[in-house]
Amino acid sequence: DGGITQSPKYLFRKEGQNVTLSCEQNLNHDAMYWYRQDPGQGLRLIYYSQIVNDFQKGDIAEGYSVSREKKESFPLTVTSAQKNPTAFYLCASSTTSGGAPDTQYFGPGTRLTVL
Amino acid sequence: QKEVEQNSGPLSVPEGAIASLNCTYSDRGSQSFFWYRQYSGKSPELIMFIYSNGDKEDGRFTAQLNKASQYVSLLIRDSQPSDSATYLCAVTANQGGKLIFGQGTELSVKP
């Protein structure tokens, strides 16, 4: 059963803590993305990776870090430098070939709350 | 000007009516256009994509693209209460395969 999984579904962070959000896909997609969504807002791109061992900053990368050591995995770390991290975090992946290149498919999301 | 702009909602239509959702974009180099549906508290799910000018139909959904006017729309025929959700328009950036999302339009279909 192919898809994108994110864990945990809910995450609570204390001030000053780093937390890591997991994103795994078994769709054999090359590209993976992290977005942040605030209430009533659209999606804002944090980081993206089009190939293993390479990634680029999106529009709001400050306070976040990523790695792409495997094609299937693209974890996001929310660092203590991110001053307002409470949001819904969405991971997506896409292929760069085939009938619908660039079509992004989303995982179920992680809702992060700072206590 | 926002790169991708959608009707500010919420949009309310009666059950069985046609819902029309609109989106304009600023980058003339954009090649691919997507509509996603997002239920409250859930992640976006793809409804349709369109690459060429004109209409593309899939069941009750029709996407319309006019590149000259930089305009893409989604029509939902025979709207159902289960169509009540936020609809996100997304457009490819000129480089890198990134998508730029509009802020979304909330649709409410009243029984």
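Details of the structure are given in the entry above.
Procedures and definitions
Residues numbered from 1 in each chain as written. Chains lettered and ligands numbered in written order. Predicted model: local features only at pLDDT ≥ 70, side-chain atom pairs only at ≥ 80, totals over all residues. Heavy atoms only, no water. Helix = DSSP H or I, 4+ residues; strand = E, 2+ residues; numbered from the N terminus. Rg over C-alpha atoms; globule rule 2.2 N^0.38 Å. Buried < 20%, exposed > 50% of the residue type's maximum accessible area, 1.4 Å probe, protein only. Contact = heavy atoms within 4.5 Å. Areas by Shrake-Rupley, 256 points an atom, 1.4 Å probe, with all protein chains shown as cover. Lys, Arg positive; Asp, Glu negative; His and termini not counted. Charge placed at Lys NZ, Arg CZ, Asp CG, Glu CD. Pairing = 2+ DSSP bridges. Axes fitted to C-alpha atoms, helices over the stretch in contact; angles between N-to-C directions. Disulfide = S-S within 2.5 Å.

### Some thoughts on the overall build of chain B
Looking only at helices and strands, one finds zero helices and 11 strands in chain B. When the helices and strands of chain B are listed from N to C terminus, the series reads β-β-β-β-β-β-β-β-β-β-β. Over its C-alpha atoms chain B spans a radius of gyration of 13 Å, differing by no more than 12% from the 13 Å that the globule rule assigns to 111 residues. In terms of principal-axis extent, the alpha carbons of chain B reach across some 40 × 30 × 25 Å. Sorting the 111 residues of chain B into buried and exposed places 45% on the buried side. Across chain B, every contact between residues at least 6 apart in sequence was considered, and the portion connecting residues at least 24 apart equals 53%. A total accessible area of about 5,200 Å² is found for chain B, and carbon and sulfur atoms account for 45% of it. Of the side chains in chain B, 10 bear a positive and 11 a negative charge, and the two mean positions are spaced by 4 Å.

### Some words on the sheet that holds strand β7 (residues 64–66) of chain A
All names here are of chain A. Within the open sheet, the four strands sit side by side as β1-β3-β8-β7. Their pairing is antiparallel. Two strands lie at the open edges of the sheet, namely β1 (4–7) and β7, each paired on one side alone. When the angles between neighbouring strand axes are averaged without regard to direction, this sheet yields 20°.

### Points about the sheet that holds strand β1 (residues 4–6) of chain B
Backbone hydrogen bonds are what pair the strands of a sheet, in a parallel or an antiparallel way. All names here are of chain B. The strand order across the open sheet formed by five strands is β1-β3-β8-β7-β6, and the pairing between neighbours is antiparallel. A single partner strand is all that each edge strand has here, and the edge strands are β1 and β6 (54–58). Sheet twist, expressed as the mean angle between neighbouring strand axes with direction ignored, is 20°.

### Remarks on the state of the cysteines
All names here are of chain A. One pass over the structure, following the stated rule, counts two disulfides over all chains. Shown here is the disulfide that connects C23 with C91, its sulfur atoms set 1.9 Å apart. With the S-S dihedral at roughly -75°, the linkage between C23 and C91 falls on the left-handed side. Here C23, found in strand β3 (residues 19–25), pairs with C91, found in strand β9 (residues 87–94); they are 68 residues apart in sequence, far enough to count as distant. The class of C91 is buried, set by a relative accessible area of 0%.

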